Amino acid sequence: MEQIIKSFLSEVESKNRNEPEFMQAVQEVAETVIPYIVKQDIYHGKNILLRMAEPERVLMFRVSWVDDQGEIRVNRGYRIEMNSAIGPYKGGLRFHPSVDLSVLKFLAFEQVFKNSLTTLPMGGGKGGSDFDPKGKSDAEVMRFCQSFMTELFRHIGPNKDIPAGDIGVGGREIGYMFGQYKRLKNEFTGVLTGKGISWGGSLIRPEATGYGNVYFAENMLQKNSQTLEGKSVVISGSGNVAQYAAEKCIQLGAKVVTLSDSSGYIYDAEGIDEEKLAFVMELKNNRRGRISEYVEAYPSAQFFAGKRPWETPCDIALPSATQNELDEKDAISLVKNGCMCVSEGANMPSTHKAIAIFHKHKILFAPGKASNAGGVAVSGLEMAQNSLRYNWTREEVDAKLKGIMHEIHNSCIQYGEESDGYINYVKGANIAGFVKVADAMLAQGVV
Ligand code: NDP
């Protein structure tokens with residue numbers, strides 16, 4: 001088996017040199033899915049995983065724009081259309097200086113499995129740019145978004161490819177891109193998700209990834225006769241996903257003690273309550289400030305510059321910032337300090353070696369493609385509402401989100417339960433996500 005996996009990975013690597021994040025994502029899937037494929041006659045010998053590791057289409061384009069000083073700037077735009085076997089391409093746009101082909105291909109590959117798990121008919125894609133919105137004026141962000149969409153618009157559409165937000169792309173950026181799409185196409189369609197409520201957005205979409213992750217963690221805990229109440233929770237990041245994960249944890253009676261950004265983390269031993277969280281939301285979403293400012297407002301908290309929060313004792317950890325933010329050393333520290341459950345809000349925040357530590361110690365561990373699927377699931381619900389020209393209430397969308405997270409949890413159990421009763425959620429999510437896409441690819445022939 002090891003040899004089959006190795007030769008598959010070396011074939012993929014030969015075509016994707018210098019793409020470490022992409023290879024990391026493919027390896028994680030191959031190690032759990034190939035042993036399943038070789039036992040299933042219908043998939044064996046069809047090179048399905050090899051086809052899934054090859055994007056259907058990669059778009060790469062120049063994005064020129066003019067900054068406030070009149071200087072001409074040049075960034076690179078991307079869209080990876082990874083797999084459309086079960087629906088139109090769907091996945092976010094990331095604006096961050098670290099964006100390159102490897103990062104977006106890993107995200108697009110993960111997205112295919114994630115979207116399949118949601119039970120909704122969505123293929124997988126991802127895109128973005130190495131543009132950094134940090135420190136840019138609103139007018140600069142608008143000019144960049146308009147220039148980006150001036151190329152992207154010809155490749156996307158409500159039945160073709162429907163982008164959404166991700167790191168660096170929130171309501172403001174989606175608004176500017178939607179406006180430009182509408183102007184260029186002269187049509188008002190649900191071509192992007194994460195839209196404002198008054199122009200086609202869905203209630204609960206901003207909350208969905210963070211809430212969904214907490215619902216998933218609740219499912220894992222419930223399976224072990226536990227709840228979130230009274231648990232101490234360590235969260236990384238302080239963006240969209242982290243904020244709403246914190247909000248749901250607080251609502252369910254847990255104590256959130258950390259948040260972070262790329263400059264360090266804050267630790268509040270008394271717990272971040274609703275009022276303090278409202279301060280963080282105002283700070284990050286409107287003032288676009290740094291998390292270190294939290295300790296100026298709440299002096300009993302501490303700020304640890306340049307550090308990540310995993311050294312903090314906790315019951316539950318919700319990594320919600322970025323890829324590879326939790327390594328083997330961090331995993332050992334979490335286990336040593338009594339952490340019993342890690343549920344990923346971000347995409348691939350735990351390294352391969354960190355996951356091995358969690359599995360070795362039988363910690364409840366949920367990979368992002370399962371636990372953070374709530375975001376894209378509600379994006380799918382936003383598409384459905386756009387097609388219906390109708391809006392569901394907050395309660396309706398929240399109930400659907402909860403139901404979807406429960407279904408994803410069940411799928412993970414179906415394919416991930418081991419002989420001793422331990423649920424390997426990585427294996428469960430990978431195989432469950434694979435089966436639906438693979439069946440569709442088989443039915444559609446060699447295309
Ligand atoms: P935001 O841009 O809203 O927030 C990102 C947060 O992560 C910020 O606090 C940011 O800090 C921090 N961060 C980003 N890059 C780094 C880095 N290299 N090192 C340390 N901290 C970093 O993004 P989201 O909250 O939307 O996304 C967070 C994660 O969740 C990503 O992995 C994303 O792919 C994933 N995700 C998001 C979904 C969504 O619906 N938004 C859906 C599913 C997954 P700083 O401000 O200093 O950069």
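A brief look at the structure comes next. Please read these numbers as outputs of a predicted model, since none were measured by experiment.

With that out of the way, let us pick up the layout of surface pockets. Its boundaries defined by the atoms lining it, the second largest pocket holds a volume of some 410 Å³. Lining the second largest pocket are 21 residues, with Gly 190, Met 383, Ala 384, Asn 386 and Ser 387 sitting closest to its centre. Here the residues of the lining of the second largest pocket sort into 10 nonpolar, nine polar and two charged.

Let us look at the site of the ligand. Not every one of the 25 residues close to the ligand is listed here, only the nearest: Lys 134, Asp 166, Thr 209, Ser 262 and Arg 290. Contact distances for the ligand include 2.4 Å between an oxygen atom and a side-chain N or O atom of Ser 262. Protein coverage of the free-state accessible area of the ligand, which is 890 Å², stands at 83%. Listed by contribution, the elements that provide at least two residues to the shell around the ligand are α7 (205-223), α8 (240-251) and β7 (255-261).

Across the two faces of strand β5 (residues 161-164) the burial is the same, with Asp 161 and Pro 163 and Ile 162 and Ala 164 all buried. By the bridge criterion, four bridges tie strand β3 (residues 89-95) to β5 in an arrangement that is parallel. Looking at β5, one finds that Lys 90 is bridged to Ile 162.

This part takes up the pattern of salt bridges. Under the criterion given, the structure shown has 24 salt bridges. A salt bridge links Lys 369 to Glu 110, with the nearest nitrogen and oxygen atoms 3.3 Å apart. Of this pair, Lys 369 sits in helix α13 (residues 368-371) while Glu 110 sits in helix α4 (residues 101-117), and the two are 259 residues apart along the sequence. Each member of the pair Lys 369 and Glu 110 is classed as buried. Each of Glu 28, Glu 110 and Lys 369 takes part in salt bridges that share partners, so that together they form one network.

Each value, and the rule that gives it
Residues numbered from 1 in each chain as written. Predicted model: local features only at pLDDT ≥ 70, side-chain atom pairs only at ≥ 80, totals over all residues. Heavy atoms only, no water. 1 Å grid on protein atoms, 1.4 Å probe; cavity = no way out; pocket = protein on both sides within 12 Å on 5 of 7 lines; lining within 4 Å. Points joined across faces, edges and corners; volume = space filled by probe spheres on them. Nonpolar A, V, L, I, M, F, W, Y, C, P; charged D, E, K, R; others polar. Near = heavy atom within 4 Å. Polar contact = N/O pair within 3.5 Å; in protein donor to acceptor, adjacent residues only side chain to side chain. Areas by Shrake-Rupley, 256 points an atom, 1.4 Å probe, with all protein chains shown as cover. Helix = DSSP H or I, 4+ residues; strand = E, 2+ residues; numbered from the N terminus. Buried < 20%, exposed > 50% of the residue type's maximum accessible area, 1.4 Å probe, protein only. Pairing = 2+ DSSP bridges. Salt bridge = Lys/Arg side-chain N within 4 Å of Asp/Glu carboxyl O.

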